[in-house]
Amino acid sequence: MNDVMETLNEVVEYLQERGVGQVDCGVILGTGLGDLASKIEVEKEWSYNQIPHLPVATVEFHFGRLLYGRLGGKWVLAWQGRFHYYEGYTMEQVVMPVRITRLLGGRAMLISNAAGALNPEHDLGDLMCIEDHINLQPDNPLRGPNVNELGSRFPDLYRAYHPGLRAALHRIAGAQGTTLRAGIYASVAGPHLETPAEYRYLRTIGADAVGMSTAPEVIACAHMGMPCAAISVLTDACDPDRLAPVVIEEILATAQKSEGALSRLFEQLIVELDEALVA
Ligand code: HPA
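Criteria and thresholds
Residues numbered from 1 in each chain as written. Predicted model: local features only at pLDDT ≥ 70, side-chain atom pairs only at ≥ 80, totals over all residues. Heavy atoms only, no water. Buried < 20%, exposed > 50% of the residue type's maximum accessible area, 1.4 Å probe, protein only. Helix = DSSP H or I, 4+ residues; strand = E, 2+ residues; numbered from the N terminus. Pairing = 2+ DSSP bridges. Near = heavy atom within 4 Å. Polar contact = N/O pair within 3.5 Å; in protein donor to acceptor, adjacent residues only side chain to side chain. Areas by Shrake-Rupley, 256 points an atom, 1.4 Å probe, with all protein chains shown as cover. Axes fitted to C-alpha atoms, helices over the stretch in contact; angles between N-to-C directions. Left-handed = near helix turned anticlockwise from the far one by under 90°. Contact = heavy atoms within 4.5 Å. Expected span 1.5 Å × (residues − 1). Bend = angle between axes of the 7 residues up to and from the residue. Salt bridge = Lys/Arg side-chain N within 4 Å of Asp/Glu carboxyl O. Parallel < 35°, antiparallel > 145°, perpendicular 65-115°, else oblique. Nonpolar A, V, L, I, M, F, W, Y, C, P; charged D, E, K, R; others polar.

Caption draft 1: Main features of the pairing of strand E1 (residues 25-29). When you tally the buried positions in E1, you get five out of five residues, the bulk of the element. In E1, alternate side chains face the same way, and those of Cys-25, Val-27 and Leu-29 on one face and Gly-26 and Ile-28 on the other are all buried. Relative to strand E4 (residues 74-80), E1 runs parallel, the two sharing five bridges. Looking at the pairing, Val-27 lines up with Ala-78 of E4. Inspection of the sheet shows E1 paired to strand E5 (residues 108-117) by four bridges, in the parallel sense. When the bridges of E5 are listed, Gly-26 appears paired with Met-109.

Caption draft 2: How the structure looks around the site of the ligand. Not every one of the 13 residues close to the ligand is listed here, only the nearest: Gly-116, Glu-194, Tyr-199, Gly-211 and Asp-236. Contact between the ligand and Tyr-199: an oxygen atom at 2.8 Å from a side-chain N or O atom of the residue. Within the side chain of Asp-236, one N or O atom sits 2.6 Å away from a nitrogen atom of the ligand. Against a free-state accessible area of 250 Å², the protein chains account for coverage of 95% of the ligand. Sorting the residues of the shell around the ligand by element identifies E5, strand E8 (209-211) and strand E9 (228-237) as the ones contributing at least two each.

Caption draft 3: Up close: the packing of helix H1 (residues 3-17) against helix H3 (residues 96-103). In the contact formed by H1 and H3, the axes pass within 10 Å of each other and the chain directions differ by 65 degrees. Crossing handedness for the pair H1 and H3: right-handed. Where H1 approaches H3, its residues Val-4, Met-5, Thr-7, Leu-8, Asn-9, Val-11, Val-12 and Leu-15 are matched on the opposing element by Met-96, Arg-99, Ile-100 and Leu-103.

Caption draft 4: Seen up close, helix H7 (residues 248-271). In a regular helix each residue adds 1.5 Å, so 24 residues correspond to 34 Å; H7 covers 33 Å between its end C-alpha atoms and thus fits that length. Glu-259 marks where H7 bends most, by close to 45 degrees.

Caption draft 5: Main features of the side chain of Thr-214. Inspection of the secondary structure assignment puts Thr-214 in the loop between E8 and helix H6 (215-224). In terms of polar contacts, Thr-214 uses its side chain to reach the side chain of Ser-213, at 3.1 Å. Apart from residues lying up to four places away in sequence, Thr-214 is in contact with Arg-82, Ile-111, Asn-113, Ile-130, Tyr-161, Tyr-185 and Ala-230.

Caption draft 6: Region of interest: the pattern of salt bridges. For the structure on display, the rule yields 13 salt bridges. Between Glu-217 and Arg-82 there is a salt bridge, with its nearest N and O atoms 2.8 Å apart. Here the residue Glu-217 occupies a position in helix H6, and Arg-82 occupies one in the loop between E4 and helix H2 (91-94), the gap between them amounting to 135 residues. Just as Glu-217 is buried, Arg-82 falls in that class too. The salt bridge partner of Arg-200 is Asp-241, with a shortest N-O separation of 3.1 Å. Linking Arg-200 in helix H5 (residues 196-204) with Asp-241 in the loop between E9 and H7, this pair joins segments that are 41 residues apart in sequence. Overall, the relative accessible area of 40% leaves Arg-200 in the partly exposed class. Overlapping salt bridges bring together Asp-24, Lys-74, Arg-107 and Asp-274 as one network.

Caption draft 7: Structural view of the packing of H3 against H6. Packing of H3 against H6 brings their axes to within 8 Å, and their N-to-C directions diverge by 30 degrees. One way to sum up the angle between H3 and H6 is to call them roughly parallel. The element H3 and its partner H6 pack so that their crossing is right-handed. When H3 is examined against H6, the residues Val-98, Arg-99 and Arg-102 are found in contact with a partner set consisting of Glu-217, Ala-220, Cys-221, His-223 and Met-224. Of the residues belonging to the contact of H3 with H6, the class tally is four nonpolar, one polar and three charged.

Here it is as structure tokens:
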């Protein structure tokens, strides 16, 4: 067995020995988007530094906590705090939550993030269902010898964002009276925000939003054949002609204002998970 599988199996064993049984789906809670965690009937809980091999989240506003429990009638693993490439982790570390969720039996991955809005028709605080991405990260979680136990050498990304999950999200948003945009997410390394010229470039190549995460995790999902859906909270306006200084606290405050609506969407999607997956 190679090192990647050995590491993942040790984490899986650790969690199973401590009470993780059935897992229906995983959720990654992005920057400022921890609200969903409060809705979970928690059975087990770990801080990331208790779990072998798991990197410790370094961003101060990310909790670094794994919750296992019931939500929407399902068993969920909620990763509160993600690993970003800009923090210095390898891409293999960045995608560990996704791979562990799958190896524990997860049938879907729901991902959230905070992102800058490039599409002038979208408003701050809006939620955007990611239809597809443009990966501009300098590294890739699948680089290196292929881990055959996880997936094939050349996975396709033709439907990386599951159409049934996306359709369900739009239907649920309509029923809940939540505005849900649809768009393309450009994934960059960060940690700095972009120059006006870079925002113009990102818009030109077809992106509606830009952020520093998600594409690596979605690539890892595609590799394992795990359906996923991702929602961005649009936290700052990236209009190259009217760029104002961005304060990270403002990004967090905007994310927090929308986290209730995001939580309601994800919770109902989990209720309807099986129907959405066959659609
Ligand atoms: N650029 C990159 N990442 C981001 C942004 C942005 O404008 N806003 C939130 N995350």
